[in-house]
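Fold and geometry: a report
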Amino acid sequence: MNDFKTDFLIIGSGIAGLYYALCVAEKLPNKNITIVTKNSASESNTKYAQGGIAIVTDKEDAFEKHIKDTLVAGDGLCNKEIVQMVVKQGPKCLKKLLRWGIDFDFKSSGEFDLGLEGGHSMNRVLHYKDITGLQIEKSLLKRVEEYDNIKILSNNFAIDLITEKDLKNPFYSTQQTCLGAYVLDEESKKVNKYISTITMLATGGVGQVYSKTTNSQIATGDGIAMAYKVNAKVKDMEFVQFHPTVLYEEDSSSSFLISEALRGFGAKLRTADGNFFMYKYNAREELASRDIVSRAIVSELNLRGDKFVFLDCRSLDKNGLKEKFPNILKKCFELGLDVFKDMIPVVPAAHYICGGIAVNKWGQTSIKNLYACGECAQTGLHGANRLASNSLLEGAVFAEKCFLKSTSFFQSMSPDLCVNDWKENSIKKFSNPDFIQNTTDNVRTLMWENVGIIREEYQLGIVRRKILFIYRDIEDEMKKHAVNREIIELRNLAISALLIINHSLKRKINKGVFYNLDYA
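Because the structure is a prediction, the values reported are computed rather than measured.

**Here's the deal with the nonpolar core**
- If you look at the biggest cluster of nonpolar residues, it comprises 123 residues, and the most contacted ones within it are Tyr20, Leu201 and Met447.
- Considering every element that reaches this core, the biggest residue donor is helix α13 (residues 485-506), with eleven residues.
- Excluding residues within four positions of it along the chain, Tyr20 makes contact with Phe8, Ile10, Ile198, Met200, Ala399, Cys402, Phe403 and Ser406.
- Membership of the second largest hydrophobic core comes to 29 residues, among which are Ile258, Ile292, Leu301 and Leu337.

**Considerations on the packing of helix α5 (residues 222-229) against α13**
- Contact pair α5 / α13: the axes reach a minimum separation of 8 Å and the direction vectors enclose 75 degrees. Regarding the angle of α5 to α13, the classification is roughly perpendicular. Where α5 approaches α13, its residues Asp222, Ile224, Ala225, Met226, Tyr228 and Lys229 are matched on the opposing element by Glu489, Arg491, Asn492, Ile495 and Leu499.

**Observations concerning the packing of aromatic side chains**
- Following the criterion strictly, the structure yields eleven aromatic pairs and no others.
- Ring centres of Phe242 and Trp448 lie 5.9 Å apart, and the angle between their planes is 55 degrees; this geometry places the pair in the tilted category. Placement of Phe242 in strand β10 (residues 240-247) and of Trp448 in helix α11 (residues 433-450) is noted, with a sequence separation of 206 residues between them.
- Residue Phe242 is classed as buried on the basis of its relative accessible area, which comes to 4%.
- Residue class for Trp448 comes out partly exposed when judged on its relative accessible area of 22%.
- Residues Tyr248 and Phe308 carry aromatic rings whose centres are separated by 4.8 Å and whose planes lie at 35 degrees to one another, so their mutual orientation is tilted. Here the residue Tyr248 occupies a position in the loop between β10 and α6 (260-264), and Phe308 occupies one in the loop between α7 (290-304) and β12 (309-312), the gap between them amounting to 60 residues.
- Relative accessible area serves as the criterion here: at 22%, Phe308 is assigned to the partly exposed category.

**Regarding the pairing of strand β8 (residues 190-201)**
- β8 sits mainly inside the fold: eleven of its twelve residues count as buried.
- When strand β1 (residues 3-11) meets β8, the two strands line up parallel, connected through eight bridges. In the sheet register, Ile11 faces β8, and the bridge partner there is Leu201.
- With six bridges joining them, strand β7 (residues 178-185) and β8 adopt antiparallel strand pairing. Paired with Ala181 across the strands is Tyr194, a residue of β8.
- Bridge count between β8 and strand β15 (residues 370-372): three bridges; the pairing is parallel. Each residue of the ladder has a partner; that of Thr199, found in β15, is Leu370.

**Overview of unusual backbone geometry**
- The phi angle at Lys189 is positive, at roughly 65 degrees, despite the residue not being glycine.
- By relative accessible area, Lys189 is classed as exposed at 57%.
- For Ser389, which is not glycine, the phi torsion reads 65 degrees and is therefore positive.
- Relative to the helices and strands, Ser389 resides in the loop between β16 (377-378) and α10 (390-408).

**A short note on the environment of Ser109**
- Summarising the element assignment, Ser109 is placed in the loop between α3 (80-99) and β4 (125-126).
- When its relative accessible area of 53% is taken as the criterion, Ser109 is described as exposed.
- Taking the C-alpha atoms as reference points, Ser109 and Ser496, 387 residues apart in sequence, are found 47 Å from one another.

**Some thoughts on the packing of α11 against helix α12 (residues 457-480)**
- Where α11 contacts α12, the axes come no closer than 11 Å and their chain directions differ by 165 degrees. Between α11 and α12, the crossing angle belongs to the class labelled roughly antiparallel. The handedness of the crossing between α11 and α12 comes out as left-handed. Contacts from Phe435, Thr439, Asn442, Val443, Leu446, Met447 and Asn450 of α11 reach α12 at Gln459, Leu460, Val463, Lys466, Ile467, Ile470, Asp473, Ile474 and Glu477.
- Tallied by class, residues from the contact of α11 with α12 come to nine nonpolar, four polar and three charged.

Conventions used here
- Residues numbered from 1 in each chain as written.
- Predicted model: local features only at pLDDT ≥ 70, side-chain atom pairs only at ≥ 80, totals over all residues.
- Heavy atoms only, no water.
- Core = buried A, V, L, I, M, F, W, Y, C linked by side-chain atoms within 4.5 Å.
- Buried < 20%, exposed > 50% of the residue type's maximum accessible area, 1.4 Å probe, protein only.
- Helix = DSSP H or I, 4+ residues; strand = E, 2+ residues; numbered from the N terminus.
- Contact = heavy atoms within 4.5 Å.
- Axes fitted to C-alpha atoms, helices over the stretch in contact; angles between N-to-C directions.
- Parallel < 35°, antiparallel > 145°, perpendicular 65-115°, else oblique.
- Phe/Tyr/Trp six-rings, centres within 6.5 Å; stacked < 30°, edge-to-face > 60°.
- Pairing = 2+ DSSP bridges.
- Left-handed = near helix turned anticlockwise from the far one by under 90°.
- Nonpolar A, V, L, I, M, F, W, Y, C, P; charged D, E, K, R; others polar.

Below, the structure written as structure tokens:
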């Protein structure tokens, strides 16, 4: 095992991790910043965020309106202080993003071309076509490359956190301290030890725990699982948001997101026989929050026995569609759908976890020197349901807060720190590849069919027992073989699934995206 020391260890390379790295690099040019990411640096959920970033920039808008929209979407469970902080810090973070080279769409008048999405009372979503997340990811990575004190390690998979109880020192405090992480180098197949003064988890969400998701393949709940394993506080995992409109493709495991901004532009939902239905469920119709629209679609599908509903764009301005949604139009055309003549078949899919690693307003977890930011963190902003396009905003604002706190009292780790080495069980090559694929499919199917948009107490109990057995099987396999990324990802998926189920069983009232038939 190789030992490495760094001042700041960042796990994840989405907007949260990259924003944080750039802030630290600018303030502390003599400190070492290491970003580890289990795929290429550009692969993250940020990359797939089509809609944009919600920030108050228009003179007709106001902080109070954005705050109110967020609180309404969160269904009474948002932390109002956090909501106010995030909304009011948005313009400041926007200035940094613009300084770092992020592009957004502008009107001919020179003002931002602001989009409207479900749950928003005003046009306030800054966007770049329908690939805002990709634009932000590419621009931030380009900026990161300009700093000599930032090192990105692609194809390096963080498998466990190192905490104070691993120290060969009996005089540790009652509060655990994070000292870095054990990281698997995919090329060398070796586990390396990274000791760091500050560790930041920016690992994204848990979408891959479901068989139908908009999330990147990397969204396997790694950060949440690692934090949970060292007893960090985890909160509100029952609140999984499903995006209402994902392109329906027969016999396809991919889930292509049809941006909520398309409904903000005027697209309407219809049943298979062409009837509008959202008016039956909410006065805001297609612009209701995601939990309402998703449940409405599921209700219609269950009533009719259909596999999908339609999103109708046929009456919308053609030039506007081409200008604002080129990526969506291109994907539809590739599948033989002419959105100017044909309706788009859509279904809901798992999209965003509103819970995660509990943090305070500075992004600090219950473990000393361990920070969490982005989708893996439960900040209090979203409550029981995320308002559309608040996630990129949250990632930027909390990265800023983490930066301010973690650098305000920074002192490098003692060079003589002694930590126990990672102990591999054996060097035997994993000999049961079918186990990983079959078990992954089993977990994802169980979660999709029983712990989805609509849940029931009895089924939750049955699925919990089944996944507990699966988790024990995973642990048995890990004891037999050398560690590899696939088995650790599967472990993390199972832990995330159990957290979602356990938190669902504890909630006895329906709120936001959580809906249990027993409490309807």
